[in-house]
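Structural description and commentary
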Amino acid sequence: AYSAGQRPHSRVTVLGAGLCAGPAVELLSRDGLSSVRVVAARPGEASELCNALGRPNCQPLEVDLHLSAVDTRTSNAALDVLVEESDAVLSLLPAPLHPTVASSCIARKVPLVTASYACERMRALAGEAEAAGVPILCEMGLDPGIDHMS
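Residues numbered from 1 in each chain as written. Predicted model: local features only at pLDDT ≥ 70, side-chain atom pairs only at ≥ 80, totals over all residues. Heavy atoms only, no water.

**Quick notes on the overall build of the protein**
When helices and strands are tallied, the protein shows six helices and six strands. Ordered by position from N to C terminus, the α and β elements of the protein give β-α-β-α-β-α-β-α-β-α-α-β. Counting all 150 residues of the protein, 41% fall into the buried class. Look at the contacts in the protein between residues 6 or more apart in sequence, and 53% of them connect residues 24 or more apart. Carbon together with sulfur atoms contributes 59% to the accessible area of the protein, which is approximately 8300 Å² in total. (Helix = DSSP H or I, 4+ residues; strand = E, 2+ residues; numbered from the N terminus. Buried < 20%, exposed > 50% of the residue type's maximum accessible area, 1.4 Å probe, protein only. Contact = heavy atoms within 4.5 Å. Areas by Shrake-Rupley, 256 points an atom, 1.4 Å probe, with all protein chains shown as cover.)

**Digging into the layout of surface pockets**
Within this model, the largest pocket holds a volume of roughly 700 Å³. If you trace the largest pocket, you find 29 residues lining it, with Leu15, Cys20, Ala21, Leu92 and Leu93 closest to the centre. Broken down by secondary-structure element, the contributors of at least two residues to the lining of the largest pocket are helix 1 (21–29) and strand 2 (34–40). Considering each element in turn, the lining of the largest pocket owes the most residues, three residues, to helix 1. Taken together, the residues of the lining of the largest pocket break down into 19 nonpolar, five polar and five charged. (1 Å grid on protein atoms, 1.4 Å probe; cavity = no way out; pocket = protein on both sides within 12 Å on 5 of 7 lines; lining within 4 Å. Points joined across faces, edges and corners; volume = space filled by probe spheres on them. Nonpolar A, V, L, I, M, F, W, Y, C, P; charged D, E, K, R; others polar.)

**As for the pattern of salt bridges**
Using the criterion set out here, one finds eight salt bridges in the structure. Notably, a salt bridge pairs Arg11 with Asp87, separated by 3.2 Å at the nearest N-O pair. Taken together, the residues span a long stretch of sequence, with Arg11 in strand 1 (residues 10–15) and Asp87 in the loop between helix 3 (77–84) and strand 4 (88–91) at a distance of 76 residues. Among the residues examined, Arg11 registers a relative accessible area of 26% and is labelled partly exposed. Among the salt bridges present, the one from Glu45 reaches Arg42, with a minimum N-O distance of 3.9 Å. What makes Glu45 partly exposed here is its relative accessible area of 21%. Counted as one network, the salt bridges with shared partners bring together Glu26, Arg30 and Arg55. (Salt bridge = Lys/Arg side-chain N within 4 Å of Asp/Glu carboxyl O.)

**Describing the environment of His9**
Residue placement: His9 occurs in the segment before strand 1. Taking the C-alpha atoms as reference, His9 lies 9.4 Å from Asp87; in sequence the two are 78 residues apart.

Laid out in structure tokens, this is it:
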């Protein structure tokens, strides 16, 4: 773990604390050098995940982002602050919300990884992301996805 006053090697924000989040947060926080913020709207969900891991570099946040799956260009102050304070964002939110998250990441030049295939609205942001130099990585597994092969 990093000492008091020392900046972590990376600051990762994980949006969503559902079933898929556990393994991702475990991996991202494993080295103890990265700060991992887990954001969930459901009371207690992020805390439960972070407490189960018992790692001091995992920070639960209860924030209802009120994201819109329709209006991706309207700024969302809570989301924008979370993105601004991150070196990378992992969105495990429902796929229709990813374009809103992507727009915020592009505007703040913060890389984004999602667990969903690129929908038409995400593909429409590709040029803007490329021009800003912001990597956006969507699901790339085999159909139906490596994540489903167990």
